[in-house]
Each structure stands twice: as structure tokens, then as C-alpha cells.
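Take a look at the letters that make up each chain.
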Amino acid sequence: MTSFYFEHQKIFLAVDCIIFGFDDNKLKILIGRRQMDPGRGEWSLYGGFVRNDESIDEAADRTLYQLTGMRNVYMRQVGAFGSVKRDPGERVVSIAYYALINVKDYDEHLLKEHQVEWVNVDEMPHLYSDHNVMVEKARKLMRQKMHTEPVGFELLPDLFTLTQLQRLYEAVKGEEVDKRNFRKRIKDMDFIEKTDLIDKESSKRGAAFYRFNKKVYSLEPNFKL
């Protein structure tokens, strides 16, 4: 480190990860009890401080990997949160990111190791500092993105039914969608392919499984739902 800027106040820089999942037809978020002071024991997002040798994106990638053990996860920056009194410990500015993962891909032992759990986002408790504000902003951004890009498939398994897909969009939007119109738009999209496989577990009638074809979508990336 150099001796420049010694006359200026030092500020801590952190990242916070807002990790969304979809399970039991509900939009979930991964949170846990804070394990450090101040705020020990309060519900909180998972985050950490940016190191001297990494960018904020690298810090977010590292933090996400530490919590999930997953690489190449869909993640986007939400924004900076820098209210003067947002952290009672020190002057801390945090950059929030949201990530979308398939709950079934998350290793169960990591839940216990990091003492975190999946919580229905609509029943989310009060979180430490301004973390609730971060989550609401992330959800708004995700909702906007899902209308123009097929990011919702990050939350689903490789094979899914149209009912699962519809329930996902309803959970993100917070309201019901018209089943007939929804399915008509989906079936007009060449990159959402119907397979010969049948869901025999969650569907009494045996609903067909579909899959998202990334290669086909890349040739003609036109998505509006």
C-alpha cells in the first residue's frame, strides 16, 4: 500500500449477496443469523468485506462461492448502499448483488455449515441494517429482467412443466397470470422445447416436461413475456 490519501478518512467496502431460489411454488431467499457484532443474532443477508487484491465483482463471486459452492451463477449488481448510519459498527458502504440458483442444486450441508435457510420472500423477517431494502430493490430488478430475458430458467431444474414455469412467474410478479395466454406465449417460443418425458410425481395426469434450449435462444434472442 502507498502513503497517498493519508489525510482522508478510510471507509470500509463490503458486498452483500441476495440469493433467490424457487421451491414449493414460492420465491425463496437465503438468509441466516448474523454471526458477528454488531447485530449478532439478527437475520441477515450473507456478505463480506472487499479485499485489497480484488474487485467488487470478484468479491461478490468469492462470497457467493463460499456460501453455495457454485460457479458460473447468474448474478447481477443491484446497487450501492451508503447511508451514513447504515452500519452501527463503522462507516461501511455495501455493494449488493442478486443471484438466481436452483434450490435443488444447493448442497444441504452448506445450509448447516453457514447456518442459513431458505425463507419465503413474502414472509421475510426484519433483516439487519438496510438488507430489507436491498432485497426489495433486487426483486424489482429481477421482475423487470424476467419480462425481457429468460433469466427465470436459472431458478428451475433442466426439465420443468409449464405449470412450474407459470407458478414461478406468478411468484416473482406477486400475482396470478392468465393460464391460457401464458401457455400460448410459451408455446410460440422455439427455444422452449417440449420433450417426450412425463412428470409422473407431481402431476396426476402426467404433464409433459419442457426444457430451455440456450443454443436455439442464442441464434434468435427474442424474449418477451
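Note that the structure is a prediction, hence the values are computed from the model and not measured.

Counting secondary structure elements, the chain contains six helices and nine strands. The dimensions of the chain, computed from C-alpha atoms along their principal axes, are 65 × 35 × 30 Å. Buried residues in the chain amount to 46% of all 225 residues. Counting contacts in the chain only where the partners sit at least 6 residues apart, residues at least 24 apart contribute 66% of the total. Approximately 13600 Å² of the chain is accessible, and the part contributed by carbon and sulfur atoms is 47%. Separation between the mean location of the 36 positive side-chain charges and that of the 36 negative ones in the chain comes to 5 Å.

Turning our eyes to something else, we now look at helix H3 (residues 131-148). Taking 1.5 Å as the rise per residue, H3 with 18 residues should run 26 Å; its terminal C-alpha atoms sit 26 Å apart, in good agreement. What H3 keeps buried is the set His131, Met134, Val135, Ala138, Arg139, Met142 and Met146. Along the long axis of H3, the arc covered by the buried residues comes to 130 degrees, so they all point the same way. Packing partners of the buried residues in H3 comprise strand S1 (12-23), strand S2 (26-33), strand S3 (43-44), strand S5 (74-81), strand S6 (92-100) and helix H4 (162-173).

Right, let's get into the packing of H4 against helix H5 (residues 179-187). Helix-helix packing: each pair is described by the crossing angle between the helix axes and the interaxial distance. H5 packs onto H4 with a crossing angle of 110 degrees between their chain directions and a minimal axis gap of 11 Å. With respect to H5, the element H4 is oriented roughly perpendicular. Between H4 and H5 lies a crossing of right-handed hand. Contacts between H4 and H5 involve Leu162, Thr163, Leu165, Gln166 and Tyr169 on the former and, on the latter, Lys179, Phe182, Arg183, Ile186 and Lys187.

On the surface, a nonpolar cluster with roughly 280 Å² of combined accessible area is contributed by Phe12, Met36 and Phe49. With respect to the helices and strands, the residue phenylalanine 12 is situated in strand S1.

About the criteria used
Residues numbered from 1 in each chain as written. Predicted model: local features only at pLDDT ≥ 70, side-chain atom pairs only at ≥ 80, totals over all residues. Heavy atoms only, no water. Helix = DSSP H or I, 4+ residues; strand = E, 2+ residues; numbered from the N terminus. Buried < 20%, exposed > 50% of the residue type's maximum accessible area, 1.4 Å probe, protein only. Contact = heavy atoms within 4.5 Å. Areas by Shrake-Rupley, 256 points an atom, 1.4 Å probe, with all protein chains shown as cover. Lys, Arg positive; Asp, Glu negative; His and termini not counted. Charge placed at Lys NZ, Arg CZ, Asp CG, Glu CD. Expected span 1.5 Å × (residues − 1). Arc of directions from axis to C-beta. Axes fitted to C-alpha atoms, helices over the stretch in contact; angles between N-to-C directions. Parallel < 35°, antiparallel > 145°, perpendicular 65-115°, else oblique. Left-handed = near helix turned anticlockwise from the far one by under 90°. Patch = residues over 30% accessible without salt bridge, like charges linked within 9 Å, V, L, I, M, F, W, Y side chains within 5 Å. Salt bridge = Lys/Arg side-chain N within 4 Å of Asp/Glu carboxyl O.

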